[in-house]
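Coordinates in review
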Amino acid sequence: MSLVIFTELGFYCPQADVYIDPMRKVPRAIVTHAHSDHAKPGMGHYLCHSHGVEIMKLRLGQGISVQGLGYGEKIYINGVEISLFPAGHVPGSAQVRLSYKGETWVISGDYKTVGDGLTPQFESVRCHHFITESTFGLPIFHWKPQKEIFSEINHWWQSNANSGITSIILGYSLGKAQRIMKYLDRGIGDVICHSAIANANKALEKSGFEFGPWIEAEKAVGNLSKEALSKSLLICPPNALNGPLIKEIGTHSLANCSGWMAMQKSQHWSHVDQGFVMSDHADWSQLIEAVEASQAERVYVTHGFSDIFSRYLREQMSISAEVVKVGHVNRTKE
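Summarised in this report is the structure supplied together with it. (Residues numbered from 1 in each chain as written. Predicted model: local features only at pLDDT ≥ 70, side-chain atom pairs only at ≥ 80, totals over all residues. Heavy atoms only, no water.)

**Topic: the sheet that holds strand S2 (residues 11-13)**
As a reminder of what qualifies: Here a strand pair is declared whenever DSSP counts at least two bridges between the two strands. Each helix is a run of H or I in the DSSP string that is no shorter than four residues. Each strand is a run of E no shorter than two, and both are numbered from the N terminus.
Taken in spatial order, the six strands make up an open sheet running S1-S2-S3-S4-S5-S6, and their pairing is mixed. Both edges of this open sheet fall to strand S1 (5-6) and strand S6 (66-69), since each of them pairs with a single strand only. Across three bridges, the pairing between strand S4 (residues 28-30) and strand S5 (residues 45-49) is parallel. Counted as the bridge partner of Ile-30 is Leu-47 from S5.

Rendered as structure tokens:
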């Protein structure tokens, strides 16, 4: 039997009797990171990277049974060697390496290969079988250097502040928001965080991450002077766009920070004044880089543009690749 099989519940290792990123309740789960499309409630026991323990408790409940494992550390379950390696996606994210009797699998989870200075940089892991995401698995996706993107963001913020307009930027509460915070120019004004982001910040700060000074929205709105608020930048998760906080801010300029902003006709452009193309996922060239570096004999592609990316690997790179579907894996959380 193969060391890893594909089931409706998720990627399953029968020898260790453990699932990786399962979609429904199982006794034992290894979780690549705490985004809601990978970390589901109700598992009997969780294993994740040590940096992800506090954020897992925040999102799934303080009473969950969870074990943290450092990068490169090894544990053994029924003879299967299990270890985690940096995925570079968001704080606490990891690739899962399973090895047994000379057969090695790596499940990437979500990843990017270029370092962002916040999350430990992706580490290539050689294996026989590599399961890779392909959220942005189209040749049109190529990310600009991070330094250029933050120059654009800070310039936009400064322009708004000069005009007395509050800046609001949308970013996921785990990963994207903290990455944005880390490189903002605090000389322009205050950085304000929606409650969902504030809670994630506190959990990650317990794990040693630093993002620079910030203020909780509930404490800032109504307490800051009108002038200070007009020079501030508020970071909100996308699902807070129609919430009461936005209405309290009043006059503002709205931006979205997402890889999907590379598509001019994307729905992510709806109702925003400015778009910044920045993703915590690998672009086309990074996906190819990761596959090549793995030196895998077989590659399994999931999430996103899996059909197109797997076909390119087969036809243009002569790599044995196929699409795998387990549970509901067409995840696009970015």
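From this point on, the discussion continues.
**Description of the nonpolar core**
Just so we agree on the cut-off: Among buried residues, the Ala, Val, Leu, Ile, Met, Phe, Trp, Tyr and Cys ones that are joined through side-chain atoms within 4.5 Å form a nonpolar core. Exposure categories follow from relative accessible area, calculated using a 1.4 Å probe and restricted to protein chains: below 20% of the type maximum is buried, above 50% is exposed, and the middle band is partly exposed. Whether two residues are in contact is decided by their heavy atoms, any of which lying within 4.5 Å being enough.
Counting 47 residues, the largest nonpolar core has Met-56, Ile-169 and Ile-235 as its most contacted members. Those elements that place two or more of their residues in this core are S5, helix H1 (53-60), helix H2 (146-162), helix H3 (176-182), strand S13 (191-193), helix H4 (195-206), strand S15 (233-236) and strand S16 (252-257). Dropping the residues within four chain positions of it, Met-56 is found in contact with Val-31, Ala-34, Ala-39, Tyr-46, Cys-48, Gly-61 and Ile-64. Formed by 24 residues, the second largest nonpolar core is a distinct cluster that contains Val-18, Leu-47, Ile-82 and Tyr-300.

**A few points about helix H8 (residues 284-294)**
For H8, the set of buried residues is Trp-284, Gln-286, Leu-287, Ile-288, Ala-290, Val-291 and Ser-294. Each element contacted by the buried residues of H8 is listed here: strand S11 (129-133), strand S18 (298-302) and helix H9 (306-317). Where H8 ends, the next residue or the one after it, Gln-295, has phi of about 55°, a positive value.

**Notes on the side chain of Asn-154**
Selection criterion: Polar contacts, as used here, are pairs of N or O atoms within 3.5 Å; protein pairs need one atom able to donate a hydrogen and one able to accept it. Residues neighboring in sequence count only if both atoms are side-chain atoms.
Its location among the elements puts Asn-154 in helix H2. Polar contacts involving the side chain of Asn-154 include one to the main-chain carbonyl oxygen of Tyr-183, which spans 3.2 Å. A distance of 2.9 Å separates a polar atom in the side chain of Asn-154 from the backbone nitrogen of Asp-185. The contact partners of Asn-154, leaving out residues within four places of it in the chain, are Tyr-183, Leu-184, Asp-185 and Ile-188.

**Description of unusual backbone geometry**
Unusually for a residue other than glycine, Gln-295 sits at a positive phi of about 55°. Relative to the elements of secondary structure, Gln-295 occurs in the loop between H8 and S18. One non-glycine residue, Ser-318, lies in positive phi territory at about 55°. Mapped onto the elements of the fold, Ser-318 is located in the loop between H9 and strand S19 (321-323).

**Focus: the environment of Arg-179**
Checked against the element boundaries, Arg-179 lands in helix H3. The spatial distance from the C-alpha of Arg-179 to the C-alpha of His-252 is 22 Å, given a sequence separation of 73 residues.

**A look at the pairing of S11**
Buried residues dominate S11, accounting for five of its five residues. Side chains His-129, Ile-131 and Glu-133 of S11 all project onto a buried face; the interleaved residues Phe-130 and Thr-132 project onto the opposite face, where all are buried too. In the sheet, strand S10 (residues 103-107) pairs with S11 via three bridges, with the strands oriented parallel. Bridging across to S11, Val-106 finds its partner in Phe-130. Relative to S18, S11 runs parallel, the two sharing five bridges. Paired with His-129 across the strands is Arg-298, a residue of S18.

**Some thoughts on H2**
What counts, and what does not: Here, expected helix span is obtained from the residue count minus one, scaled by 1.5 Å. Read the arc as the range of directions from the helix axis to the C-beta atoms.
An ideal rise of 1.5 Å per residue puts 24 Å on 17 residues; H2 measures up with 24 Å between its terminal C-alpha atoms. Taken together, the buried positions of H2 are Gln-146, Ile-149, Phe-150, Ile-153, Asn-154, Trp-156, Trp-157, Asn-160 and Ala-161. Seen along its axis, H2 keeps its buried residues to an arc of 155°; they face one direction. Structural note: H2 exposes Lys-147, His-155 and Asn-162 on the side pointing more than 90 degrees away from its buried face. Positive phi appears at Gly-164, one or two residues downstream of H2, with a value of about 70°.

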